Each structure stands twice: as structure tokens, then as C-alpha cells.
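Each chain is listed here by its residues.
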Amino acid sequence: MRIGELATRAGTTTRTLRYYESRGLLPARRGDNGYRTYDESDLLLLRQIRTLQDFGFDLEETRPFVECLRAGHPEGDTCPASLAVYRRKLDELDALIGELQAVRAKIGLRLAMAEGEPPLCELGGQEL
């Protein structure tokens, strides 16, 4: 298939596909006529990239998944490098959740103080 059809089927733009190609994530094959040509495996690569980006992965973080698919694995997350990226992403998310919980606790305390309520002990919910 040509670039326009692939873009339509993947739900993206031809510009995005060219960008992925420039980053080495999408193969740059050309037909005899000079047009870019793609197949179903390229669509699978794009779906993997899009799914991961929807989860908050940056483009470079998708590379191990793409390489796993290119190596012939049926899924992009079955290779050790892909699993390592998952682990790093979970660690990042856990850290962000911890930071957000700390901010939430501080805001909750400030709200309680502003409303004139006595602050609660974090351990047992008892007044200090």
C-alpha cells in the first residue's frame, strides 16, 4: 500500500509517517516507481506506536517495541528491552502518583486550616 492508504488505515497523517521514517521507526521501502510502499507489518508497527503514545510513552520509548516486532515477534512487548521500558514507565508513574498524593495532602491540610477545622493526624485521622 502507499503512504496515503497507510496513514488512513493507521488514523494518522502522511507527515507523521514521514517523521517516523526519518526517526528510523518505519521502514523506508520504495517501489519501482519511487513511491513509498508499505504492508500489513508496517500497519502493526504504527498501531503499536500509537497505542504506546496514547499511554504516555514518548516516541523514543516506543523503539524497543518496534524492534521487537521487526525481529518477528507477534507482539512488541515480548522482548526484554520492551519489558524494561514498561518497568521504567511504571516507576515513573509511581513516582508521579506519590508526588501528587503529597501535594493533595498539603492542599487538603491548607483547606482544612482555611475553613477553621482542626488538622487531622495522618496516621489515625484524629485531631492533633
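Remember, predicted model here, so these are calculated numbers, not experimental data.

(A) Fine view of the UniProt feature "domain: HTH merR-type" (unreviewed entry) in the protein chain. As annotated in UniProt, the feature "domain: HTH merR-type" (unreviewed entry) corresponds to residues 1-68 in the numbering used here. Spanning residues 1-68, this segment combines 56% helix with 0% strand, and its end C-alpha atoms are found 23 Å apart.

(B) Main features of a nonpolar patch on the surface. A cluster of nonpolar side chains, L90, L93, L96 and I97, forms an exposed patch at the surface whose accessible area comes to about 360 Å². Within the secondary structure, L93 is located in helix α5 (residues 80-114).

(C) Region of interest: the packing of aromatic side chains. Summed over the entire model, instances satisfying the criterion amount to three aromatic pairs. Each ring, one from F57 and one from F65, has its centre 6.1 Å from the other, and the planes form 85°; the classification is edge-to-face. Its relative accessible area of 7% is what places F57 among the buried residues. Cluster of aromatic residues (ring-pair linked, three or more members): F57, F65 and Y86. Across from the ring centre of Y35, 4.0 Å away, lies the NZ or CZ of R2, which sits over that ring.

(D) Structural context of the packing of helix α3 (residues 40-54) against helix α4 (residues 63-70). Axis separation between α3 and α4 bottoms out at 10 Å; the angle between their running directions is 155°. What the angle tells us is that α3 and α4 run roughly antiparallel. The way α3 lies across α4 gives a crossing that is right-handed. Contact residues: α3 offers L44, L45, Q48, I49 and L52, while α4 offers F65, V66, L69 and R70. Across the contact of α3 with α4, the residue classes tally to seven nonpolar, one polar and one charged.

Parameters and conventions
- Residues numbered from 1 in each chain as written.
- Predicted model: local features only at pLDDT ≥ 70, side-chain atom pairs only at ≥ 80, totals over all residues.
- Heavy atoms only, no water.
- UniProt positions renumbered as here; feature names shortened; annotations may be inferred.
- Helix = DSSP H or I, 4+ residues; strand = E, 2+ residues; numbered from the N terminus.
- Patch = residues over 30% accessible without salt bridge, like charges linked within 9 Å, V, L, I, M, F, W, Y side chains within 5 Å.
- Areas by Shrake-Rupley, 256 points an atom, 1.4 Å probe, with all protein chains shown as cover.
- Salt bridge = Lys/Arg side-chain N within 4 Å of Asp/Glu carboxyl O.
- Phe/Tyr/Trp six-rings, centres within 6.5 Å; stacked < 30°, edge-to-face > 60°.
- Buried < 20%, exposed > 50% of the residue type's maximum accessible area, 1.4 Å probe, protein only.
- Lys NZ or Arg CZ within 6 Å of the ring centre and 35° of its normal.
- Axes fitted to C-alpha atoms, helices over the stretch in contact; angles between N-to-C directions.
- Parallel < 35°, antiparallel > 145°, perpendicular 65-115°, else oblique.
- Left-handed = near helix turned anticlockwise from the far one by under 90°.
- Contact = heavy atoms within 4.5 Å.
- Nonpolar A, V, L, I, M, F, W, Y, C, P; charged D, E, K, R; others polar.

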